[in-house]
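Read off the chains here:
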Amino acid sequence: MFFGLNGAKEEIKQKQDAIIVEGEFDMISLFMEGVKNVVAIKGTALTENQVNLLARFTPKVTLCLDQDNAGFEATRRSLEVIEKKGLTTAIIVATEGKDPDEAIKKNPAAFKKRLKRILEFMNI
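Residues numbered from 1 in each chain as written. Predicted model: local features only at pLDDT ≥ 70, side-chain atom pairs only at ≥ 80, totals over all residues. Heavy atoms only, no water.

Considerations on the overall build of the chain
Thinking step 1. Scanning the chain from N- to C-terminus turns up six helices and four strands.
Thinking step 2. Along the chain direction, N to C, the helices and strands of the chain fall in the order α-β-α-β-α-β-α-β-α-α.
Thinking step 3. For the chain, whose C-alpha radius of gyration is 13 Å, the value lies close to the compact-globule estimate of 14 Å for 124 residues.
Thinking step 4. C-alpha atoms of the chain, sized along the principal axes, occupy 35 × 30 × 30 Å.
Thinking step 5. Looking at the chain residue by residue over its 124 residues, the buried ones come to 46%.
Thinking step 6. The long-range share in the chain, meaning contacts at least 24 apart out of those at least 6 apart in sequence, stands at 66%.
Thinking step 7. Approximately 6,600 Å² of the chain is accessible, and the part contributed by carbon and sulfur atoms is 54%.
Thinking step 8. Positive and negative side-chain charges of the chain, numbering 19 and 18 respectively, have mean locations separated by a distance of 5 Å. (Helix = DSSP H or I, 4+ residues; strand = E, 2+ residues; numbered from the N terminus. Rg over C-alpha atoms; globule rule 2.2 N^0.38 Å. Buried < 20%, exposed > 50% of the residue type's maximum accessible area, 1.4 Å probe, protein only. Contact = heavy atoms within 4.5 Å. Areas by Shrake-Rupley, 256 points an atom, 1.4 Å probe, with all protein chains shown as cover. Lys, Arg positive; Asp, Glu negative; His and termini not counted. Charge placed at Lys NZ, Arg CZ, Asp CG, Glu CD.)

Here it is, written out as structure tokens:
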């Protein structure tokens, strides 16, 4: 399962995109800043079952994982699982911090601007 899916499900359907983060604090911080289509995996393992679940709500997935070796490896593994399902994928790099929680707290406007650009690019 995902942390926060209950509260994010309708927004994911509406926006046709699910933002995936690693931890609960990442999800909560984004949600509190108005990014409501976000869910968190527990740890760094995105599973086929999780991807299949998200595919019921959206054809697009945006990864925003931690900016450390574990996060980079999790991104690589997640892309493999997502690709198997055939979902459209984007990646947000949280340059303002080591993870989405830190990045959105340091500079919410910059993070949201980056997110908006990614979503506009995906909708071209």
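Quick word on the side chain of Asp101
Thinking step 1. Looking at where Asp101 falls in the secondary structure, it is placed in helix H5 (residues 100–106).
Thinking step 2. At 3.2 Å, the side chain of Asp101 forms a polar contact with the side chain of Lys105.
Thinking step 3. For Asp101, the contacting residues outside a window of four places in its chain are Phe25, Asp26 and Ser29. (Polar contact = N/O pair within 3.5 Å; in protein donor to acceptor, adjacent residues only side chain to side chain.)

Some remarks on the confidence of the model for the chain
Thinking step 1. In the predicted model, the chain carries a mean pLDDT of 90, and the fraction of residues at 70 or more is 94%.
Thinking step 2. Averaged pLDDT values for the elements of the chain fall to 78 in helix H6 (residues 108–122) and rise to 97 in strand S2 (residues 38–40). (pLDDT = per-residue confidence, 0-100.)

Structural notes on the pairing of strand S4 (residues 88–91)
Along a regular strand, successive side chains alternate from one face of the sheet to the other.
Thinking step 1. Summarising the sheet, strand S3 (residues 60–63) and S4 pair through four bridges and their orientation is parallel. Across the sheet, Leu63 pairs through a bridge with Ile91, a residue of S4. (Pairing = 2+ DSSP bridges.)

Side note on the nonpolar core
Thinking step 1. Core analysis: the biggest nonpolar cluster contains 20 residues, and Phe2, Leu5, Ile12, Ile20 and Leu54 have the highest contact counts within it.
Thinking step 2. Looking at this core, the elements with two or more residues in it are helix H1 (5–15), strand S1 (18–21), helix H3 (48–55), S3 and helix H4 (69–85).
Thinking step 3. Beyond its immediate sequence surroundings of up to four residues, Leu54 is in contact with Phe2, Leu5, Ile12, Ala18, Ile20 and Val61.
Thinking step 4. If you look at the next biggest cluster of nonpolar residues, it comprises 16 residues, including Ala40, Cys64, Ile92 and Ile118. (Core = buried A, V, L, I, M, F, W, Y, C linked by side-chain atoms within 4.5 Å.)

Examining a nonpolar patch on the surface
Thinking step 1. Together, Phe3, Phe25, Ile28 and Met32 make up an exposed nonpolar region whose accessible area comes to about 450 Å².
Thinking step 2. Position of Met32 among the secondary structure elements: in helix H2 (residues 24–32). (Patch = residues over 30% accessible without salt bridge, like charges linked within 9 Å, V, L, I, M, F, W, Y side chains within 5 Å. Salt bridge = Lys/Arg side-chain N within 4 Å of Asp/Glu carboxyl O.)

Description of the environment of Arg77
Thinking step 1. For Arg77, the location among the structural elements is in helix H4.
Thinking step 2. Taking relative accessible area as the criterion, Arg77 reaches 32% and is therefore assigned partly exposed.
Thinking step 3. Put simply, Arg77 and Ile28 are 49 residues apart on the chain and 24 Å apart in space, counted from C-alpha to C-alpha.

A look at unusual backbone geometry
Glycine aside, residues mostly have negative phi, and peptide bonds are mostly found in the trans state.
Thinking step 1. Backbone geometry at Gln16 places phi at a positive 55°, although glycine is not the residue there.
Thinking step 2. Residue classification places Gln16 among the partly exposed residues on the basis of a relative accessible area of 31%.

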